[in-house]
Amino acid sequence: MSLTERFGPERALPAPLAPLYEIAHNLWWTWDAEATRLMIELDPVLWKSGRHNPLAVIEALDAPRVAALAADADFTARLAAVRDRQRAYLGGGEPPIDLDFGGRLVGYFCAEFGIHESLPIYSGGLGILAGDHLKAASDRDLPLVAVGLAYRYGYFHQEVDLAGRQHEVYLANDFERLPMALVHDRFGEPLTLSLPYPGRKVLAHVWKVSVGRIPLYLLDTDVPGNNAEDRSITGHLYGGNEDTRVRQEFLLGVGGLRALRAMGIAPAVCHLNEGHSSFLCLEQLRRHVVDGSQTFERAMASVRAGCVFTTHTPVPAGNDNFEVAHVMQYLRPLAAGMDEPVERLIALGLTDPANPHERFEMTVLALRLSRFANGVSALHGEVSRGMWQHLWPDRTTAQVPITSVTNGVHMPTWIAPEIEALRREAGAGAPAPERLWSEHEHLRSELIGGVRRRLRRQLERNGAPAQEILDIDRVFDPHTLTIGFARRFAEYKRATLLMSDPDRFVRLLANADRPVQMLMAGKAHPRSEPGKLLIQRVWELSRIPALRGRLVLLEGYDIALARRMVQGADIWLNTPRRPLEASGTSGMKAAANGALNLSVLDGWWCEGYDGRNGWAFGDDHGVDEATQDARDADELFELLEKVVVPMFYDRGPDGLPRAWIERMQHAMSSVVPRFSTERMVDEYAGRFYLPCAMDD
Ligand SMILES: *Cc1c(COP(=O)(O)O)cnc(C)c1O
C-alpha cells in the first residue's frame, strides 16, 4: 500500500525559515513551550487574529517580516533547535518495556478531539480528554491510532450580546490551512471510501492529523459525488436531529474501521471513547462472520475480546438512543452481509428485545460487546454499575462488570511554562513559596489583562456605550482573590449556586477589606433554554452597580481561555449536583498550576481531595434537590466567608499568605502525579489494551 499524505499549499520561505512548516505540521508544538513561543513570536498580532493557527500566521506574514525573521540569527537558531528536538521526539523515545504490544495496534474512536484551539473539532470535556489521551499516548510511545470526524463547522462559537443572550456563530474550518493532510491512494487520488447508507452510497475522504507520534484520522463526507445532505454529515459537531446523529455515528464507527482497513491498519484493540462509535462493534462482527467465516456466536466473542468501552456520563440524556426503525435501515446492509436477520443486530442495543417501545441505545450495544468497560472516576464507576445493572439481572450491583479509570490531564499542555520551570528546578521538593507566589501573581495579572482584552472585543462588537468601554480598565484588580468558574451551562452544574442569595453574594465580592472577584465562562447547548437563561442571569448580575468589575462573564469559552483561567485563578469553583459530574478535569488543570479547588465532593474530587489541597463541600444524602441546593449554597458561603477568604488575606510581614501558599504547593504535588493522562493511559494500556492485544 503506497499511500501519500498531502498538506495544503505552502508558501516559499527563505531557507532559514524552512523548519516552520515541518514544526507546524505536527501538533507536538502545542505542548512544547519553546516551540509555542516561536510560533507566537512570528507575529504576535497575527497570532491573535489567526486563532493561534501557525499555518495561517505563516501564510499572512508580510515580506519585510519574513526577511527580518530570516535574518534574525537567534530566532533561526532556536527554530532549528526546536526542529531537531521535534525530529528526535518523533524518532521514538523510550518504548515502555512493560507495555510490549508485539506490533499490535490500538484504535481509539471518539466523536470529538480537543487538541488545540486552532483545530476546533471539539465541544468540551470529552474532546479535551481524548486530545490529552493522544498526547500522553504519544509521550509514552503507545502503538495507538485515533479516528474521528473532520467537522467543517465544528461546535459553535459563542457570542453573548448586551442583554446576556447567547448567539451561536458557525465558522467554517479551512482544512487546507490546518495541520491536516489529505490521504491519497497509490494512484495519487484522494483515498475515497464508499459506505453503504440506506438506499445509497456515501463517499468519504480521510484526513490525517499528527499528534506527536500518534496519527489521528478524520473522516470527511464533504466530497464531490455526495448529495448536499450527505456532504453535511460532517458539518456540525453534535448538530442536527436524530437522523444526523445516526449518520455521523455510522460514519464514525463503521466508516472509521473501514478507513483504517483501507489504509492497511488493523487494530487488535478498539477503544470506544463514549458510545458514539458503538456501531464499530457491528462492523467488526460482520467482518468476523464474513471474512473470518465465524458463526455469529463465535464472532460475538471475537469482537468482545478486542473492545474497550469508556462511558462518560451518568446523565441519561448524555447516552445516545435512537428509534429502532431508524437504526434498522442502517444495519440492514451489515446484517445482509452476514446472512442474519437485522433484528439480531438490533437486539444487541436493547435491554429487552421483546419490548416494542424500547429505543436502540448506543451504550447498551457497547456494554454488550466490550470486554472491558469503565467509568471515569471511582464514584462514576459505582454510579454506572447501578445505572446499567438492569443489563445483568442475575448479578448484584457490585458485580456489574463496569470498573473505573479516573481521568487525567496532559500536564505539559496545561501547566504554565513559568510554573513548570519552578517545578523542574525544585525537583523532588516544592517550589520556594516566594517564587511560587510571585509567578502565580504574575499569571493572575496576565489573566486579568486577557479578560480586559476579551471583554473589550465583546463589548465593542455589541456597540456598548463609550463609558462602559472606558470602564474596562477598572474591571478586576490584580491583587484580589480570583475565583474561576468555567464549564458548560447545564442545569446540574448549578453555575448560579452562589447567586441564589444575591445579597450575601454582593457582600462577599464587594467587601472593602477582603474583596473577591469572579470570572465565569461557558457555553449552553444551542437547544438548552434553561442553560441560556443561566448565562443571562449571570450577565445581568454582572451589570448591577455593586458587582460591576467584580463579576465577569466572558463569551467564547475554548481551550485558549481555559488555559489562561486555570493558570491564573486562585480558586477553582465546581458546584455540580452530586453525583452527576462523572469526573471533571478542569479542576485537575487548575490544581496543577497551584489553584485551590473549592468543589462539591463529586467526580474526581472525591479521590483528589485530601483535606489540605483545597476545600470540599456538598452532600446528597436523602434530600430533595431544592434542599440539597440550599444546603450546598450555605455550606459554600460559610467556607468562603470563614475559611477561604480569610486565609487568602492573612499576610505575614513579608506580605505573603504563607498558609495559602502551603496549600498551593500541596495541591500541585498531590494532584500532578495522580491525575495526569500519563498515569491514565498507563492504566488503560496495562489493564485493558494489553490483555486484549495479547489474545489477538
Ligand atoms: C478541561 C476542559 C473542559 C472539561 O472540564 P470540566 O471540568 O469537565 O468542565 C471543558 N472545556 C474546556 C475548554 C476545557 O479545557
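Please refer to the structure higher up on the page.
These lines cover the structure that appears in this document, whether it is placed above or below. (Residues numbered from 1 in each chain as written. Predicted model: local features only at pLDDT ≥ 70, side-chain atom pairs only at ≥ 80, totals over all residues. Heavy atoms only, no water.)

A few points about the overall build of the chain
Line of reasoning, step 1. What the chain contains, in helices and strands, is 27 helices and 21 strands.
Line of reasoning, step 2. In terms of C-alpha radius of gyration, the chain reaches 25 Å, essentially the compact-globule figure of 26 Å for 696 residues.
Line of reasoning, step 3. Oriented by its inertia axes, the alpha-carbon framework of the chain measures out at about 80 × 70 × 50 Å.
Line of reasoning, step 4. When the accessible surface of the chain is totalled, it reaches about 26200 Å², and 52% of it is carbon and sulfur.
Line of reasoning, step 5. Seen as two clouds, the 76 positive and the 91 negative side-chain charges of the chain have centres 1 Å apart. (Helix = DSSP H or I, 4+ residues; strand = E, 2+ residues; numbered from the N terminus. Rg over C-alpha atoms; globule rule 2.2 N^0.38 Å. Areas by Shrake-Rupley, 256 points an atom, 1.4 Å probe, with all protein chains shown as cover. Lys, Arg positive; Asp, Glu negative; His and termini not counted. Charge placed at Lys NZ, Arg CZ, Asp CG, Glu CD.)

Concerning the packing of aromatic side chains
Line of reasoning, step 1. Applying the stated criterion across every chain, the model contains 22 aromatic pairs.
Line of reasoning, step 2. Taken together, a centroid distance of 4.8 Å and an interplanar angle of 20 degrees make the contact between Phe-372 and Phe-688 stacked. In this pair, Phe-372 is assigned in strand β14 (residues 372–375) and Phe-688 in helix α27 (residues 677–694), connecting sequence segments 316 residues apart.
Line of reasoning, step 3. Look at Phe-372 and you get buried, because its relative accessible area is 18%.
Line of reasoning, step 4. Ring centres 6.2 Å apart and planes at 20 degrees place the aromatic pair Tyr-684 and Tyr-689 in the stacked group.
Line of reasoning, step 5. Ring pairs connect the aromatic residues Tyr-197, Phe-250, Phe-279, Tyr-330 and Phe-360, which therefore count as one cluster.
Line of reasoning, step 6. Across from the ring centre of Tyr-89, 4.3 Å away, lies the NZ or CZ of Arg-213, which sits over that ring. (Phe/Tyr/Trp six-rings, centres within 6.5 Å; stacked < 30°, edge-to-face > 60°. Buried < 20%, exposed > 50% of the residue type's maximum accessible area, 1.4 Å probe, protein only. Lys NZ or Arg CZ within 6 Å of the ring centre and 35° of its normal.)

Overview of the sheet that holds strand β19 (residues 571–574)
Line of reasoning, step 1. Across the sheet, which stays open at both edges, the six strands sit in the order β18-β17-β16-β19-β20-β21 with parallel pairing between neighbours. The open sheet has two edge strands with one neighbour each: β18 (551–554) and β21 (614–617). Here the strands of the sheet are splayed against their neighbours by 20 degrees on average, with no regard to which way each runs.
Line of reasoning, step 2. Across the sheet, helix α21 (residues 529–542) lies against β17 (516–521) and β18, angled at about 135 degrees from β18, the strand it touches most. (Pairing = 2+ DSSP bridges. Axes fitted to C-alpha atoms, helices over the stretch in contact; angles between N-to-C directions. Contact = heavy atoms within 4.5 Å.)

Things to note about the state of the cysteines
Among covalent bonds in proteins, the disulfide is the one between the sulfur atoms of two cysteines.
Line of reasoning, step 1. Applying the stated rule across the entire model yields zero disulfides.
Line of reasoning, step 2. With no disulfide of its own, Cys-110 lies closest to Cys-270 among cysteine sulfurs, the gap being 14 Å.
Line of reasoning, step 3. Unpaired in terms of disulfides, Cys-692 finds its nearest cysteine sulfur in Cys-307, a separation of 7.8 Å.
Line of reasoning, step 4. Taking the relative accessible area as the measure of exposure, Cys-692 reaches 1% and is therefore buried. (Disulfide = S-S within 2.5 Å.)

A closer look at the site of the ligand
Line of reasoning, step 1. In the neighbourhood of the ligand, 13 residues make up the surrounding shell, with Trp-414, Ala-562, Thr-585, Ser-586 and Lys-589 lying closest.
Line of reasoning, step 2. A distance of 3.2 Å separates an oxygen atom of the ligand from a polar backbone atom of Thr-585.
Line of reasoning, step 3. Here an oxygen atom of the ligand sits 2.5 Å away from a polar atom, N or O, in the side chain of Ser-586.
Line of reasoning, step 4. Relative to its unbound accessible surface of 390 Å², the ligand loses 92% to contact with the protein. (Near = heavy atom within 4 Å. Polar contact = N/O pair within 3.5 Å; in protein donor to acceptor, adjacent residues only side chain to side chain.)

Some details on the packing of helix α25 (residues 625–649) against helix α26 (residues 658–671)
Line of reasoning, step 1. Contact geometry of α25 with α26 gives a least axis separation of 6 Å together with a crossing angle of 105 degrees. Between α25 and α26, the angle falls in the class roughly perpendicular. For the pair α25 and α26, the contacting residues are Val-644, Met-647 and Phe-648 in the first and Ala-659, Trp-660 and Arg-663 in the second.
Line of reasoning, step 2. Looking at the contact of α25 with α26 residue by residue, the class counts come to five nonpolar, no polar and one charged. (Parallel < 35°, antiparallel > 145°, perpendicular 65-115°, else oblique. Nonpolar A, V, L, I, M, F, W, Y, C, P; charged D, E, K, R; others polar.)

Notes on the environment of Pro-14
Line of reasoning, step 1. You can see Pro-14 is positioned in the loop between β1 (4–6) and α1 (19–24).
Line of reasoning, step 2. In this structure, the C-alpha to C-alpha distance between Pro-14 and Pro-431, residues 417 residues apart in sequence, is 43 Å.

Describing the pattern of salt bridges
Line of reasoning, step 1. Taken as a whole and assessed by the stated rule, the structure comprises 56 salt bridges.
Line of reasoning, step 2. Across the pair Arg-474 and Asp-471 runs a salt bridge, and its minimum N-O distance is 2.9 Å.
Line of reasoning, step 3. Among the residues examined, Arg-474 registers a relative accessible area of 65% and is labelled exposed.
Line of reasoning, step 4. Judged by its relative accessible area of 23%, Asp-471 falls in the partly exposed class.
Line of reasoning, step 5. Each of Glu-34, Arg-37, Glu-41, Asp-74 and Arg-78 takes part in salt bridges that share partners, so that together they form one network. (Salt bridge = Lys/Arg side-chain N within 4 Å of Asp/Glu carboxyl O.)

As for helix α12 (residues 324–338)
Line of reasoning, step 1. Helix length check: α12, at 15 residues, gives a terminal C-alpha distance of 20 Å against a target of 21 Å (1.5 Å per residue), a fit within 8%.
Line of reasoning, step 2. Bending of α12 peaks at approximately 45 degrees at the position of Leu-331, with proline Pro-333 no more than four residues after it.
Line of reasoning, step 3. The complete set of buried residues in α12 reads Val-324, His-326, Val-327, Met-328, Tyr-330, Leu-331, Leu-334, Ala-335 and Met-338.
Line of reasoning, step 4. Just beyond α12, the residue with positive phi is Asp-339, at close to 60 degrees. (Expected span 1.5 Å × (residues − 1). Bend = angle between axes of the 7 residues up to and from the residue.)

Concerning the nonpolar core
Line of reasoning, step 1. Core analysis: the biggest nonpolar cluster contains 141 residues, and Phe-113, Phe-279, Leu-282, Leu-285, Leu-331 and Tyr-689 have the highest contact counts within it.
Line of reasoning, step 2. The element contributing the most residues to this core is α27, with nine residues.
Line of reasoning, step 3. Among residues more than four places away in sequence, those in contact with Leu-331 are Phe-279, Leu-282, Val-342, Leu-345, Ile-346 and Phe-360.
Line of reasoning, step 4. Counting residues in hydrophobic clusters, the runner-up holds 93 residues, among them Trp-604, Leu-639, Leu-640 and Met-647. (Core = buried A, V, L, I, M, F, W, Y, C linked by side-chain atoms within 4.5 Å.)

A few points about unusual backbone geometry
Comment: phi is negative for the bulk of residues other than glycine, and the bulk of peptide bonds are trans.
Line of reasoning, step 1. The omega torsion across Arg-578 and Pro-579 is 5 degrees, close enough to zero to call that bond cis.
Line of reasoning, step 2. With respect to the element layout, Pro-579 can be found in the loop between β19 and α23 (586–592).
Line of reasoning, step 3. In the Ramachandran plot, His-52 falls in the positive-phi region, its phi being about 60 degrees despite a non-glycine side chain.
Line of reasoning, step 4. Along the chain, His-52 turns up in the loop between α3 (44–49) and α4 (54–60).
Line of reasoning, step 5. Residue class for His-52 comes out buried when judged on its relative accessible area of 18%.
Line of reasoning, step 6. With a phi angle near 60 degrees, Asp-339 is a residue other than glycine that sits in the positive phi range.
Line of reasoning, step 7. Within the element layout of this structure, Asp-339 appears in the loop between α12 and α13 (342–347).

Describing the pairing of strand β2 (residues 106–109)
Line of reasoning, step 1. Of the two faces of β2, the one lined by Val-106 and Tyr-108 and the one lined by Gly-107 and Phe-109 are each fully buried.
Line of reasoning, step 2. Looking at chain direction, β2 and strand β3 (residues 144–149) are connected through four bridges and run parallel. In the sheet register, Phe-109 faces β3, and the bridge partner there is Val-147.
Line of reasoning, step 3. Read as a crossover between parallel neighbours, the route from β2 over helix α7 (residues 125–139) to β3 is right-handed.
Line of reasoning, step 4. By the bridge criterion, four bridges tie β2 to strand β10 (residues 269–273) in an arrangement that is parallel. By the bridge assignment for β10, Phe-109 is matched with Leu-272. (Right-handed = clockwise from strand over helix to strand, strands pointing away.)

Points about helix α5 (residues 63–71)
Line of reasoning, step 1. Residues Val-66, Leu-69 and Ala-70 constitute the buried set of α5. One side of α5 holds all its buried residues, which, seen down the axis, span an arc of 100 degrees. In this structure, α5 carries Pro-64 and Ala-71 as exposed residues pointing more than 90 degrees from its buried face.
Line of reasoning, step 2. Against α2 (33–42) and α6 (73–90) lie the buried residues of α5.
Line of reasoning, step 3. Sitting at the amino-terminal end of α5 is Asp-62, which places a side-chain oxygen 2.9 Å from the backbone nitrogen of Arg-65. (Arc of directions from axis to C-beta.)

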